[in-house]
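Below, each chain spelled out in residue letters.
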Amino acid sequence: MDKLLKETCEKVYQELLNITITHSFMNKLFVEAPSKDFIESLKTTHIMDSDWPMCESIESVTGLGLVKKYLASYTESSFSELTDNYNVLFIGPGSLLAPPWESVYTETDRTLFGKSTLNVREMYRKNGLQINKLHKEPDDHIAYECAYMNFLSLKALEAFEKEDRETCCALIEDMRLFYGLHMARWVSEFADKVIENSRTDFYKGGGWMLKGMIKETSALLNNIEN
């Protein structure tokens, strides 16, 4: 029984760690145009080769393959193509090919700063968070929602390490609730637009990885025992 309990605890810890790593990466991927240092770090650390923690789904495997293919052929001369790809998808000018805000996908009139944005803001506030660009950037940007999940999973890991079961369980429940009410409702559709409209394998692969992350995280959260 002690061995079984230990194995269960180790499994929960690893699952929380996987959620932390993947959501932190997705925050970096979408929060701003990539820097040369970011791309070079992906090439040199080889995180995509063996250390990526979510690769159970066909979506994740497909995405990893595309990103690794891009990194293998990347040269500094192709960097401007990558930043152009980011801007066309998420910034503009003109109509965005992959709007990065939940409201666009869940509000009937596609209004920014709508009900879903305010609901997300309240969930952040519940855990003492507020985005830096409050009232300027919608709170339901994909990067912020990933950062929030990263924050919750890190706090859950801290509680786990302190053997504070009550706090850990409450944080896991917050993660389940946030995924159910928000990320699971729109991120897959957003990822489809990223995949369809990307001009580089880097962002096309990132879109597939995002779809896989949503799928695998939803399964992990549903299977973690409180």
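Note: the structure precedes this text.
Each value, and the rule that gives it
Residues numbered from 1 in each chain as written. Predicted model: local features only at pLDDT ≥ 70, side-chain atom pairs only at ≥ 80, totals over all residues. Heavy atoms only, no water. Salt bridge = Lys/Arg side-chain N within 4 Å of Asp/Glu carboxyl O. Helix = DSSP H or I, 4+ residues; strand = E, 2+ residues; numbered from the N terminus. Buried < 20%, exposed > 50% of the residue type's maximum accessible area, 1.4 Å probe, protein only. Polar contact = N/O pair within 3.5 Å; in protein donor to acceptor, adjacent residues only side chain to side chain. Contact = heavy atoms within 4.5 Å. Expected span 1.5 Å × (residues − 1). Arc of directions from axis to C-beta. Axes fitted to C-alpha atoms, helices over the stretch in contact; angles between N-to-C directions. Parallel < 35°, antiparallel > 145°, perpendicular 65-115°, else oblique. Left-handed = near helix turned anticlockwise from the far one by under 90°. Nonpolar A, V, L, I, M, F, W, Y, C, P; charged D, E, K, R; others polar.

Caption draft 1: Layout of the pattern of salt bridges. Per the stated rule, a full pass over the model turns up 10 salt bridges. The salt bridge partner of Glu-158 is Lys-155, with a shortest N-O separation of 3.7 Å. In this pair, Glu-158 and Lys-155 are both assigned in helix H8 (residues 142-161), three residues apart and thus about one turn of the helix distant. Here Glu-158 falls in the partly exposed class, since its relative accessible area comes to 36%. With a shortest N-O distance of 3.0 Å, Asp-192 and Lys-211 are connected by a salt bridge. You can see Asp-192 sitting in helix H9 (residues 165-197) and its partner Lys-211 sitting in helix H10 (residues 201-223), a full 19 residues away along the chain. Its relative accessible area of 36% is what places Asp-192 among the partly exposed residues.

Caption draft 2: Highlighting the side chain of Glu-137. The topology assignment puts Glu-137 in the loop between helix H7 (115-126) and H8. For Glu-137, a relative accessible area of 17% gives the class buried. A distance of 2.5 Å separates a polar atom in the side chain of Glu-137 from a polar atom in the side chain of Trp-101. Among all residues touching Glu-137, those that are not within four sequence positions of it are Trp-101, Phe-113, Ile-131 and Tyr-144.

Caption draft 3: The arrangement of unusual backbone geometry in detail. Backbone torsion omega between Gly-92 and Pro-93 reads 10 degrees, so that peptide bond is classified as cis. Residue position: Pro-93 is located in the loop between helix H5 (79-91) and helix H6 (102-106). The backbone of Phe-113 shows a phi angle near 60 degrees, a positive value even though the residue is not glycine. One can find Phe-113 in the loop between H6 and H7. Even without being a glycine, Glu-163 presents a positive backbone phi close to 60 degrees. Along the polypeptide, Glu-163 turns up in the loop between H8 and H9. Owing to a relative accessible area of 72%, Glu-163 belongs among the exposed residues under this scheme.

Caption draft 4: Here's a closer look at helix H4 (residues 58-73). Between its first and last C-alpha atoms H4 spans 23 Å; for 16 residues at 1.5 Å apiece the expected length is 22 Å, and the two agree. All of the buried residues along H4 are Glu-59, Ser-60, Gly-63, Leu-64, Leu-66, Val-67, Tyr-70 and Leu-71. Projected down its long axis, H4 carries its buried residues within an arc of 165 degrees, all on one side. Opposite the buried face of H4, at more than 90 degrees from it, the exposed residues are Ile-58, Lys-69, Ala-72 and Ser-73.

Caption draft 5: Here's a closer look at the packing of H7 against H8. Interhelical geometry of H7 versus H8 gives an angle of 25 degrees and a closest axis separation of 11 Å. Taken as axis vectors, H7 and H8 run roughly parallel relative to one another. Between H7 and H8 lies a crossing of left-handed hand. Seen from H7, the contacting residues are Val-120, Met-123 and Tyr-124; seen from H8, they are Tyr-144, Glu-145 and Tyr-148. Residues belonging to the contact of H7 with H8 are distributed by class as follows: five nonpolar, no polar and one charged.

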